[in-house]
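Below are the chains, spelled out letter by letter.
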Amino acid sequence: MSEFANLGLVVIGRNEGERLARCLASVRGIPHRVYVDSGSTDGSVALARAEGVTVIELPMPPHYTAARARNAGLAQLLSDNSDLEFAQMVDGDCEVRPRWIETALAALQAEPELALVFGRRRERHPERSIYNALCDDEWDVPIGEAAGCGGDVLFRVAALLQVDFYNPTMIAGEEPELSMRLRKRGWRLRRIDAEMTLHDAGMTRFCQWWGRTRRSGHAFGDLAFLHPDARNPNWPHSVRGILIWGGVMPAVLLVAILLALAVDPRWWIAAALGFLPWPVRMAQLARRQRRRGLSAKVARMSGVLLMLGKLPQLQGLVGYYRDRLFGRASRLIEYKAAETA
């Protein structure tokens, strides 16, 4: 279509199966499409080729990362079409909503200082689990000027070229890290009032939530190391919070319990005082979420999981520091099972 002549699209995926099929079907109207696969074993590559999409299969090594996949897709797009002005990035577990591309292009074309725009990403099945429901709330970024973006976003290619695309070494958090570099160069980012994508987290088990939250702890460590001066978002502060709530306070509580059992029962008082901040903070967060409009159930679980999540975040943060200490490249942290294409 002529209206998309200056637009390219990159889809990335790994074992997305039917989710990928829905994604590619939703963007058939875009002529310049690239799918980058990171070692799928579910037939995703064959499915993408059948859709007439240019396919790149990432080799190993180095380790797979979403950032590396996105960069490969962007490089292919620009190699094939050097005059492209805009690039839509889409995760393979997302379906692009009707009229999103047209609306987003109009927003970028109207304001040359915008590096990117993104809209409302919704969870496909928030009713299936509390984890999906919390994902849906996580995607609901306020409309207007934004500090960062997620995986689905429409970029101005000139802005991407100025900052040399995504950081390919990051296994998570590459989108906010790129956003920070763009903002430091003077570019603006915006969430617009438009439906963008339907996301399928498929997260119904506690272990999946734990893995995804562990990955966020790894990302916070990387972001704070790369941008120690960051204040919006304040990633160094987030790391300190993880260390205190996920490490120091549980350690103090454990010591108090052991002393109460082995030395003097009066240490139970100290243990109770060490435990008390957790339910208090959970209740505070739940009230905040309730005021934002979440249902009572989702707000309560949000408060509980935001605090409980400090533990897997600490695990991810420790893994990040360990890899840095030994000079190792971090491996992808996955939480989804493969889905048949």
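Not measured: the values here are computed from a predicted model.

Explain the overall build of the protein chain to me, please; I cannot follow it from the model alone.
Tallying secondary structure elements over the protein chain gives 13 helices and nine strands in all. Relative to the compact-globule value of 20 Å for 341 residues, the protein chain shows a C-alpha radius of gyration of 21 Å, a close match. With respect to the three principal axes, the spread of C-alpha positions in the protein chain is 80 × 45 × 40 Å. Within the span of the protein chain, comprising 341 residues, buried residues form 52% of the whole. Pairs at least 24 residues apart make up 74% of the contacts formed inside the protein chain by residues separated by at least 6 positions.

Sorry, what's going on with the packing of helix α10 (residues 267-275) against helix α11 (residues 277-291) here?
When two helices pack together, their arrangement is captured by the angle between the axes and the distance separating the axes. Here α10 crosses α11 at 20°, and the two axes come no closer than 5 Å. Between α10 and α11, the angle falls in the class roughly parallel. The residues of α11 that touch α10, namely those facing L273, G274 and F275, are P277, W278 and P279. Looking at the contact of α10 with α11 residue by residue, the class counts come to five nonpolar, one polar and no charged.

Just checking my understanding: could you explain the pairing of strand β1 (residues 7-13) for this structure?
Consecutive residues of a regular strand have side chains that alternate between opposite faces of the sheet. Along β1, seven of the seven residues are buried, which leaves the element largely enclosed by surrounding structure. Burial along β1 is two-sided: the residues L7, L9, V11 and G13 and G8, V10 and I12 are all buried. With six bridges joining them, β1 and strand β4 (residues 86-91) adopt parallel strand pairing. The partner of I12 across the bridge, within β4, is D91. Bridge analysis of β1 against strand β2 (residues 32-37) gives six bridges, and the strand direction is parallel. Paired with V11 across the two strands is Y35, which belongs to β2. Crossover handedness for the path β1 to helix α1 (residues 18-25) to β2: right-handed.

Is there a simple way to explain the packing of helix α8 (residues 206-226) against helix α9 (residues 235-262) in this structure?
Running from N to C, α8 and α9 point in directions that differ by 135°, and their axes come no closer than 8 Å. Taken together, the axes of α8 and α9 lie oblique to each other. In the packing of α8 onto α9, the handedness of the crossing is left-handed. Here G217, F220, G221, L223 and A224 of α8 come into contact with α9, specifically with W235, P236, S238, V239 and I242. For the contact of α8 with α9, a count of residues per class yields seven nonpolar, three polar and no charged.

In this structure, what is going on with unusual backbone geometry? I would like to understand it.
Glycine aside, the phi torsion of most residues is negative, and most peptide linkages are trans. Cis peptide bonds are those with omega within 30 degrees of zero, and the linkage from P61 to P62 qualifies with 0°. The phi angle at R99 is positive, at roughly 70°, despite the residue not being glycine. Among the structural elements, R99 can be located in the loop between β5 (94-96) and α4 (100-110). Exposure remark for R99: the relative accessible area of 56% places this residue in the exposed category. Despite not being glycine, F165 has its phi angle at roughly 65°, a positive value. In this structure, F165 sits in the loop between α6 (157-163) and α7 (174-184).

Could you clarify how one ought to interpret the pairing of β4 in this entry?
Taken across its six residues, β4 has six buried, putting it largely inside the fold. A two-sided burial pattern is seen for β4, the buried positions comprising F86, Q88 and V90 on one face and A87, M89 and D91 on the other. Here β4 runs beside strand β8 (residues 153-156); their pairing, made up of four bridges, is antiparallel. The partner of F86 across the bridge, within β8, is R156.

What exactly am I supposed to notice about a nonpolar patch on the surface here?
Taken together, the side chains of L254, L258, L261 and W268 present a nonpolar region at the surface, about 440 Å² in accessible area. At three residues, the largest contribution of residues to the nonpolar patch is made by α9. Within the secondary structure, L258 is located in helix α9. A relative accessible area of 49% places L258 in the partly exposed class.

Even after reading the chapter, I still don't get helix α3 (residues 66-80), so can you show me in this structure?
Side chains of residues three or four places apart in an α-helix project in the same direction, reflecting 3.6 residues per turn. In a regular helix each residue adds 1.5 Å, so 15 residues correspond to 21 Å; α3 covers 21 Å between its end C-alpha atoms and thus fits that length. Within α3, the full set of buried residues consists of A67, R68, A69, R70, N71, G73, L74, L77 and L78. Buried residues in α3 make contact with β1, β2, β3 (54-57), β4, α6 and α7.

So what exactly am I meant to see when it comes to the packing of aromatic side chains here?
The relation between two aromatic rings is expressed through the spacing of the ring centres and the mutual angle of the planes. Throughout the structure, instances matching the rule amount to six aromatic pairs. Consider the rings of F206 and W209, whose centres lie 5.2 Å apart with planes at 40°: the pair is tilted. Here the residue F206 and the residue W209 both occupy positions in helix α8, the gap between them amounting to three residues, near one helical turn. Where Y320 meets Y321, the ring centres are 5.6 Å apart and the plane angle is 55°; that geometry is what we call tilted. Using a relative accessible area of 4% as the deciding quantity, one classes Y320 as buried. For Y321, a relative accessible area of 38% translates into the label partly exposed.

Rules used in this analysis
- Residues numbered from 1 in each chain as written.
- Predicted model: local features only at pLDDT ≥ 70, side-chain atom pairs only at ≥ 80, totals over all residues.
- Heavy atoms only, no water.
- Helix = DSSP H or I, 4+ residues; strand = E, 2+ residues; numbered from the N terminus.
- Rg over C-alpha atoms; globule rule 2.2 N^0.38 Å.
- Buried < 20%, exposed > 50% of the residue type's maximum accessible area, 1.4 Å probe, protein only.
- Contact = heavy atoms within 4.5 Å.
- Axes fitted to C-alpha atoms, helices over the stretch in contact; angles between N-to-C directions.
- Parallel < 35°, antiparallel > 145°, perpendicular 65-115°, else oblique.
- Nonpolar A, V, L, I, M, F, W, Y, C, P; charged D, E, K, R; others polar.
- Pairing = 2+ DSSP bridges.
- Right-handed = clockwise from strand over helix to strand, strands pointing away.
- Left-handed = near helix turned anticlockwise from the far one by under 90°.
- Patch = residues over 30% accessible without salt bridge, like charges linked within 9 Å, V, L, I, M, F, W, Y side chains within 5 Å.
- Areas by Shrake-Rupley, 256 points an atom, 1.4 Å probe, with all protein chains shown as cover.
- Salt bridge = Lys/Arg side-chain N within 4 Å of Asp/Glu carboxyl O.
- Expected span 1.5 Å × (residues − 1).
- Phe/Tyr/Trp six-rings, centres within 6.5 Å; stacked < 30°, edge-to-face > 60°.

Function cannot be inferred from these measures alone, as they are strictly geometric.
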